[in-house]
Number of protein chains: 2
Amino acid sequence: MDPRTSLDHVAIAVEDLNAAIPLYTALLGHAPSGRERVESEGVDVAFFDAGPARLELLMPTGPDTPVGRFLSRRGPGLHHITLRVPDLSTALARCRAAGLETVGAAPRRGAGGRAVAFLDPHTTGGLLIELVESGTG
Amino acid sequence: MDPRTSLDHVAIAVEDLNAAIPLYTALLGHAPSGRERVESEGVDVAFFDAGPARLELLMPTGPDTPVGRFLSRRGPGLHHITLRVPDLSTALARCRAAGLETVGAAPRRGAGGRAVAFLDPHTTGGLLIELVESGTG
């Protein structure tokens, strides 16, 4: 048992970040805590605090990006959830033993230089799940 | 600004709860904290703690239920997110002023007798969002 596995954020794909920000500002009762372009992922991101977790709005920088292709295929909506784990290698070993497979290189370096891995939605029951090492475990 | 709006849980639609529970147990590193049937919503639910928030797995009790229809239409995956707000009337007034509309009766009584409302995905940018009153605000 690892009580320190926790929900870090929920990422939502949107067509238009400037249209979505006022809606989520009204919903949450406060403005985004940050906004940035992540060139390596091809997205413009706005972050909203939602208690200890966050909501992230993702707008693709172009159609030929992972989130751009997601929007073409599925339309806007929930894109992935991210769980924070103390040690990524331990979590991946446990997941693989249960039949959860990764997509792409895993682990790799994500935002902020943290080690991350993505679990294949075909093995999780339809859900794209990112694991990120908290660095505190 | 209302710093007390927080992410309560993320709900994931699954075809087979008994198959999904071992996968999410491996993912989170611990067994579900609870399991119950919610007749009014037509779902069997398993809850997993994920830090201060929770993951909920939803399996429909039959095809002619909201989650059963969701599975037929979209397949398994993320179904909705739930935000906890101190006062639901205040939150709904703020949301409606920004153009976020509700679906069905709102507010109504949800699990545990708490006041809840669902925001129409057509107005949120594709995402079904439940608001639940924390009762502590």
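Quick caveat, the model's predicted, so the values are computed rather than measured.

Colleague: Help me understand the pattern of salt bridges, please; the structure alone is not making it clear to me.
Modeller: Working definition: two side chains of opposite charge can pair if their charged atoms are close together. Residue and element names in this part refer to chain B. Inspection of the entire model under this criterion finds 10 salt bridges over all chains. D8 is the partner of R84 in a salt bridge, and the nearest nitrogen-oxygen pair spans 2.7 Å. Separated by 76 residues along the polypeptide, R84 in strand 5 (residues 77-85) and D8 in strand 1 (residues 6-13) bring together distant segments of the chain. Using a relative accessible area of 24% as the deciding quantity, one classes R84 as partly exposed. Its relative accessible area of 5% is what places D8 among the buried residues.

Colleague: Quick question: what am I supposed to make of the confidence of the model for chain A here?
Modeller: A low pLDDT means the predicted coordinates there should not be read in detail. For chain A, per-residue confidence averages 90 on the pLDDT scale, and 95% of positions sit at 70 or higher. Of the two predicted TM-score estimates for the complex, the pTM is 0.89 and the ipTM is 0.86.

Colleague: Sorry if this is basic, but what is going on with the sheet that holds strand 3 (residues 43-50) of chain B here?
Modeller: The pairing of strands in a sheet comes from backbone hydrogen bonds and takes either a parallel or an antiparallel form. Taken in spatial order, the 8 strands make up an open sheet running 2-3-4-1-5-8-7-6 (chain B), and their pairing is mixed. Here the strands that pair on one side only, and so sit at the sheet edges, are strand 2 (34-38) and strand 6 (102-109) of chain B. Direction aside, neighbouring strands of the sheet carry axes that sit 20 degrees apart on average. The sheet contact formed by strand 2 of chain B and strand 3 of chain B spans 5 bridges and is antiparallel. Looking across to strand 3 of chain B, one finds that E36 of chain B is bridged to V45 of chain B. Running at roughly 20 degrees to strand 8 (residues 129-133) of chain B, helix 1 (residues 17-28) of chain A makes contact with strand 5, strand 7 (115-119) and strand 8 of chain B of the sheet.

Colleague: Which parts of the structure should I look at to understand a positive patch on the surface?
Modeller: A surface patch of like charges, here positive, comprises R73 and R74 of chain A together with R73 and R74 of chain B. Looking at where R74 of chain B falls in the secondary structure, it is placed in helix 2 (residues 66-74). Overall, R74 of chain B belongs to the partly exposed group, its relative accessible area being 36%.

Colleague: What is the right way to look at the sheet that holds strand 7 (residues 115-119) of chain A in this model?
Modeller: All names here are of chain A. The strand order across the open sheet formed by 8 strands is 2-3-4-1-5-8-7-6, and the pairing between neighbours is mixed. Two strands in the sheet have a free side with no partner beyond their single neighbour: strand 2 (34-38) and strand 6 (102-109). Recorded for the sheet is a direction-independent mean angle of 20 degrees between the axes of neighbouring strands. Of the strands in this sheet, strand 1 (6-13), strand 2, strand 3 (43-50) and strand 4 (53-60) are in contact with helix 1, which crosses strand 3 at around 5 degrees.

Colleague: Can you walk me through the pairing of strand 5 of chain B in this structure?
Modeller: Two faces, one strand: in a regular strand the side chains alternate between the faces of the sheet. All names here are of chain B. Among the 9 residues that make up strand 5, 8 are buried, leaving the element largely enclosed by the rest of the structure. The pairing of strand 1 with strand 5 spans 7 bridges and is classified as antiparallel. Counted as the bridge partner of L7 is L83 from strand 5. Both strand 5 and strand 8 contribute to a ladder of 5 bridges, which runs parallel. Counted as the bridge partner of I81 is I129 from strand 8.

Colleague: Sorry if this is basic, but what is going on with the relation of the copies chain B and chain A here?
Modeller: Mapping between the two copies of the chain is achieved by a rotation about an axis and a shift along the axis. Of the transformation superimposing chain B on chain A, the axial component is 0.0 Å and the angular component is 180 degrees, with the fit at an RMSD of 0.0 Å. Here the two chains are linked by the operation of a two-fold rotation axis. With an isologous cut-off of 70% or more, the 100% of interface residues of chain B that recur at the interface of chain A puts this contact in the isologous class.

Colleague: Any chance you could explain the packing of aromatic side chains here in plain terms?
Modeller: Both the distance between ring centres and the angle between the ring planes are used here to describe each pair of aromatic rings. Residue and element names in this part refer to chain A. Summed over all chains, the structure comprises 2 aromatic pairs over all chains. Measuring from ring centre to ring centre gives 6.3 Å for Y24 and F48, while their planes differ by 45 degrees; the resulting arrangement is tilted. Taken as a pair, Y24 in helix 1 and F48 in strand 3 lie far apart in primary sequence, 24 residues in all. Taken individually, Y24 and F48 each receive the classification buried, so the pair is uniform in this respect.

Colleague: In this structure, what is going on with the side chain of D44 of chain B? I would like to understand it.
Modeller: Residue and element names in this part refer to chain B. Within the element layout of this structure, D44 appears in strand 3. In this structure the side chain of D44 is engaged in a polar contact, spanning 2.9 Å, whose partner is the side chain of R37. Ignoring sequence-local partners within four residues, the contact set of D44 consists of L17, E36, R37, L57, L58, M59 and T61.

Colleague: So what exactly am I meant to see when it comes to the interface of chain B and chain A here?
Modeller: Quoted interface sizes are often the accessible area lost when the parts come together. Taken together, the 39 residues of chain B in the interface contact 39 residues of chain A. Buried area between chain B and chain A, summed over both chains or domains, comes out near 3300 Å², and the portion from carbon and sulfur atoms is 70%. Three residues stand out in chain B for area buried against chain A, namely L23, L27 and L78 of chain B, and they jointly supply 18% of the buried area on that side. Between the two partners, chain B and chain A, sit 0 salt bridges. Inspection of the chain B/chain A interface yields 12 residue pairs in polar contact (both at pLDDT 80 or more). Residue composition of the side of chain B that touches chain A, grouped by class: 25 nonpolar, 11 polar and 3 charged.

What counts, and at which threshold
Residues numbered from 1 in each chain as written. Chains lettered and ligands numbered in written order. Predicted model: local features only at pLDDT ≥ 70, side-chain atom pairs only at ≥ 80, totals over all residues. Heavy atoms only, no water. Salt bridge = Lys/Arg side-chain N within 4 Å of Asp/Glu carboxyl O. Helix = DSSP H or I, 4+ residues; strand = E, 2+ residues; numbered from the N terminus. Buried < 20%, exposed > 50% of the residue type's maximum accessible area, 1.4 Å probe, protein only. pLDDT = per-residue confidence, 0-100. Pairing = 2+ DSSP bridges. Axes fitted to C-alpha atoms, helices over the stretch in contact; angles between N-to-C directions. Contact = heavy atoms within 4.5 Å. Patch = residues over 30% accessible without salt bridge, like charges linked within 9 Å, V, L, I, M, F, W, Y side chains within 5 Å. Areas by Shrake-Rupley, 256 points an atom, 1.4 Å probe, with all protein chains shown as cover. Lys, Arg positive; Asp, Glu negative; His and termini not counted. Charge placed at Lys NZ, Arg CZ, Asp CG, Glu CD. Least-squares fit on C-alpha atoms with pLDDT ≥ 70 in both. Phe/Tyr/Trp six-rings, centres within 6.5 Å; stacked < 30°, edge-to-face > 60°. Polar contact = N/O pair within 3.5 Å; in protein donor to acceptor, adjacent residues only side chain to side chain. Buried area = accessible area lost by both parts, 1.4 Å probe. Nonpolar A, V, L, I, M, F, W, Y, C, P; charged D, E, K, R; others polar.

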